Amino acid sequence: MTVAVLTGVPGVGATTVAEKANEALEERGAGYEVVSFGTEMLETARDEGLVEERDEMRKLPSDEQKRVQEKAGERIAERAEDTNIMVDTHCTIKTPEGYLPGLPEWVLDALQPDTVVLVEATPDEILFRRLDDETRTRDMENTEELATHQDMNRNAAMSYATLTGATVKIVENPDGGVKEAAGELVDALA
Ligand code: AP5
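Looking at an unreviewed UniProt entry, one finds the protein chain named Adenylate kinase, with Halorutilus salinus as its source organism. Database annotation for the protein chain, UniProt heading Catalytic activity (unreviewed entry): "AMP + ATP = 2 ADP".

Printed below as a string of structure tokens:
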């Protein structure tokens, strides 16, 4: 089974691109199960009374995040045993204690991804998407910080690839470009 890990800084539009791409893949009879790593973590974190909503998780002590992260990784890996899975997640999570790897060794071991996709846009575009998205409590980062976060994600993605043999694919998602970005993802995953 194929495990595709779809990533991008929060607000870049990775979830939007994943959903659009999967619609096209389903039409071809090659659909994936799209799984949100954040949602899997949220279920555990809520059950344990640690948080009430998803944007609180990256503020938890890093040890708690890692413990909840490991449980989510194991659950998703079980689902990947008999179906193709697109895991909507992050290469790094910006926490008060620094950048936390989204796929540390124990999560990589469980998931064994075939490809790691980085959805990217310009820092200006990401900044405005975050400001426009009233459904979430997004961190406010300036354009330099967003550029650094995207650099950290590229570095992390190549480390994950080196450890697993996965490929790394960069998909640009410029303003108004969801259709084209999704098309590029479909070509990579079909
Ligand atoms: P998660 O659930 O992934 O939330 P997130 O980080 O905010 O990411 P989103 O999926 O909401 O944002 P997105 O970039 O996909 O943007 P969207 O498509 O909505 O994670 C929640 C939390 O879980 C994390 O903070 C972390 O704590 C934890 N977590 C997750 N994975 C983890 C891991 N591996 N390890 C540890 N912790 C983990 O789009 C945003 C907006 O942009 C929308 O309004 C959309 O319409 C718009 N838009 C998109 N594309 C375009 C375009 N081309 N042009 C114009 N507008 C666009």
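Structure shown, so let's carry the discussion forward.
J.: Before we go on, may I ask you to explain the overall build of the protein chain in this structure?
T.: Helix and strand counts for the protein chain come out as seven helices and seven strands. When the helices and strands of the protein chain are placed in sequence order, the string is β-α-β-α-α-β-β-β-α-β-α-α-β-α. Computed over C-alpha atoms, the radius of gyration of the protein chain comes to 16 Å, within 12% of the 16 Å expected from 2.2 N^0.38 for 190 residues, which places it in the range of a compact globule. Along the three orthogonal principal directions, the C-alpha set of the protein chain runs to about 40 × 35 × 30 Å. Classification of the 190 residues of the protein chain by burial places 45% in the buried group. When contacts within the protein chain are restricted to residue pairs at least 6 apart in sequence, those whose partners lie at least 24 apart make up 75%.

J.: Explain a negative patch on the surface to me, please; I cannot follow it from the model alone.
T.: On the surface, Glu70, Glu74, Glu78, Glu81 and Asp82 cluster together into a negatively charged patch. When you line up the elements, Glu78 lands in helix H3 (residues 62–79).

J.: Can you help me understand the pairing of strand S1 (residues 3–7) in this one?
T.: Taken residue by residue, a regular strand's side chains alternate between the two faces of the sheet. Judged by how many residues are buried, S1 sits mostly within the fold: five of five residues are covered. Relative to strand S3 (residues 85–88), S1 runs parallel, the two being bridged by four bridges. Among the inter-strand pairings, Val5 is bridged to a residue of S3, identified as Val87.

J.: I would appreciate a short explanation of the UniProt feature "binding site: ATP" (unreviewed entry) in the protein chain in the present structure.
T.: In the numbering adopted here, UniProt assigns the feature "binding site: ATP" (unreviewed entry) to Gly8, Val9, Pro10, Gly11, Val12, Gly13, Ala14, Thr15 and Thr16. One can find Gly13 in the loop between S1 and helix H1 (14–27). Along the chain, the position of Thr16 falls in helix H1. Of the residues examined, Thr16 reaches a relative accessible area of 42% and is grouped as partly exposed.

Procedures and definitions
Residues numbered from 1 in each chain as written. Predicted model: local features only at pLDDT ≥ 70, side-chain atom pairs only at ≥ 80, totals over all residues. Heavy atoms only, no water. UniProt positions renumbered as here; feature names shortened; annotations may be inferred. Helix = DSSP H or I, 4+ residues; strand = E, 2+ residues; numbered from the N terminus. Rg over C-alpha atoms; globule rule 2.2 N^0.38 Å. Buried < 20%, exposed > 50% of the residue type's maximum accessible area, 1.4 Å probe, protein only. Contact = heavy atoms within 4.5 Å. Patch = residues over 30% accessible without salt bridge, like charges linked within 9 Å, V, L, I, M, F, W, Y side chains within 5 Å. Areas by Shrake-Rupley, 256 points an atom, 1.4 Å probe, with all protein chains shown as cover. Salt bridge = Lys/Arg side-chain N within 4 Å of Asp/Glu carboxyl O. Lys, Arg positive; Asp, Glu negative; His and termini not counted. Charge placed at Lys NZ, Arg CZ, Asp CG, Glu CD. Pairing = 2+ DSSP bridges.

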